[in-house]
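Here are the chains, one letter per residue:
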Amino acid sequence: MSASDDCAKFNERSSGWYQKCAEAGAIGGIGAIPGTLAAHPADVVKVRQQVSSEPLLRAVSQVYQGRKGRSEYGRLGARGSTPAAAASLRNFFSGSVPAVQQKVMTRTPMFLVSSVSVSLFESKLGFEATSAAFVGSAISGYLTGFLASPWEWQKVLVSQNITSPARQKGMHGLVSEAIRAHGLSRGSIALGRRFHAAGVRNAIFDSTFFGCKHILEDRLSKKYPGHPYLDSGCAYGAAALVAVMVDYAVDVTAKRLYANGPERNVPQVGVLRSTVSNIISQGSTLFRGLGFKCVEFSLSYLITGLMAANVASG
């Protein structure tokens, strides 16, 4: 075999790898838009329960009436129940713009970087495909969760009507206000705690999601051959459901950090230690909102899975 033939085969393999990664990123980013909008009302109620531990019916009522959110995390959040908006079903879509921005900013690199990481672990380090999906996605998940944190912070403040002078300035205002209020050193540490919590949460979610998705797609394709939409949609939705249940307690910790404006400091406790402490102190109450998050993510990822099947079949 000539050198030119080797080069041609290498270019063909590289082209296929790049195309696969690019498609994964496009599926994550584009699929996040309809999925996020369809599931956003469930997300608003879920976040209300996470940051305040309110029962379901009270949380729904408070969102509908447009009342301010109140964080139980160190009692640092905005307090009181003064209406911040008129009672309306529109309140269930409050914060939908930063929510879409956050999901696009998270899921585009989530699928793209996960695809790259998994390929590297599989081809360079000799990992088996499923193991590569679990390990590679944990690393990529931390990076994407950390970097997309400002959008998530903005979404939580807006969707819960939590008052903060910097809220109207967008994510850049949140970051700059934290530095201005606490100084460069302390402000950076406070931001780092929030962003690190989101990174850890995403690492757990992505690792569980992509690992389970790989297993489910493989089994469903063998059991139901010739039904790509069923295989992909069910695999994405079911894997998201499992990942939500695994990462939920850490997600509560992250959301309670975000339920505070940048002018407020956050407890100097590690995210996992805070999570364990919350579980011990609150028990089952901590998991209020889990049902709504299961609905939100299953629906959102089901739509993404259907789009993935459409891309694959096209």
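See the structure above.
A quick note: this is a predicted structure, and the numbers were derived from the prediction, not measured.

Caption draft 1: Local environment of the side chain of Thr 130. Considering the arrangement of structural elements, one finds Thr 130 in helix α4 (residues 129-147). The contact partners of Thr 130, leaving out residues within four places of it in the chain, are Gly 211, His 214 and Ile 215.

Caption draft 2: View of the pattern of salt bridges. Throughout the structure, instances matching the rule amount to 13 salt bridges. One salt bridge in this structure joins Asp 247 and Lys 293, with 3.5 Å as the shortest N-O distance. Here the residue Asp 247 occupies a position in helix α7 (residues 228-258), and Lys 293 occupies one in helix α9 (residues 290-313), the gap between them amounting to 46 residues. Owing to a relative accessible area of 0%, Asp 247 belongs among the buried residues under this scheme.

Caption draft 3: The arrangement of the packing of helix α5 (residues 149-159) against α7 in detail. Close contact between α5 and α7 brings their axes to 9 Å; oriented N to C, the two are set at 70°. Accordingly, the angle class assigned to the pair α5 and α7 is roughly perpendicular. Contact residues: Ser 149, Glu 152, Trp 153, Lys 155, Val 156 and Leu 157 in α5; Asp 251, Lys 255 and Tyr 258 in α7. Of the residues assigned to the contact of α5 with α7, the class counts are 4 nonpolar, 1 polar and 4 charged.

Caption draft 4: The environment of Val 252, seen in detail. Mapped onto the elements of the fold, Val 252 is located in helix α7. Ignoring any residue separated from it by four or fewer positions in sequence, one finds Val 252 in contact with Gln 50 and Leu 286.

Caption draft 5: Seen up close, the environment of Leu 157. Note that Leu 157 resides in helix α5. Of the residues examined, Leu 157 reaches a relative accessible area of 0% and is grouped as buried. Taking the C-alpha atoms as reference points, Leu 157 and Ser 94, 63 residues apart in sequence, are found 9.9 Å from one another.

Caption draft 6: The arrangement of a nonpolar patch on the surface in detail. A surface patch of nonpolar side chains, amounting to about 300 Å² of accessible area, comprises Tyr 229, Leu 299, Leu 302 and Leu 306. In terms of residue count, the dominant contributor to the nonpolar patch is α9 (3 residues). Considering the arrangement of structural elements, one finds Leu 306 in helix α9. What makes Leu 306 partly exposed here is its relative accessible area of 35%.

Caption draft 7: Layout of the nonpolar core. In this structure, Met 110, Phe 111, Phe 205, Phe 209 and Tyr 301 are the most contacted members of the largest nonpolar core, which totals 15 residues. Among the secondary structure elements, those contributing two or more residues to this core are α3 (96-123), α6 (170-223), α7 and α9. The element that contributes the greatest number of residues to this core is α7, accounting for 5 residues. Setting aside its immediate chain neighbours within four residues, Phe 209 contacts Met 110, Phe 111, Tyr 236, Ala 239, Ala 240, Ala 243 and Tyr 301. Ranked by size, the runner-up nonpolar core spans 13 residues in total, among them Leu 157, Leu 191, Ala 198 and Ala 259.

Criteria and cut-off values
- Residues numbered from 1 in each chain as written.
- Predicted model: local features only at pLDDT ≥ 70, side-chain atom pairs only at ≥ 80, totals over all residues.
- Heavy atoms only, no water.
- Helix = DSSP H or I, 4+ residues; strand = E, 2+ residues; numbered from the N terminus.
- Contact = heavy atoms within 4.5 Å.
- Salt bridge = Lys/Arg side-chain N within 4 Å of Asp/Glu carboxyl O.
- Buried < 20%, exposed > 50% of the residue type's maximum accessible area, 1.4 Å probe, protein only.
- Axes fitted to C-alpha atoms, helices over the stretch in contact; angles between N-to-C directions.
- Parallel < 35°, antiparallel > 145°, perpendicular 65-115°, else oblique.
- Nonpolar A, V, L, I, M, F, W, Y, C, P; charged D, E, K, R; others polar.
- Patch = residues over 30% accessible without salt bridge, like charges linked within 9 Å, V, L, I, M, F, W, Y side chains within 5 Å.
- Areas by Shrake-Rupley, 256 points an atom, 1.4 Å probe, with all protein chains shown as cover.
- Core = buried A, V, L, I, M, F, W, Y, C linked by side-chain atoms within 4.5 Å.

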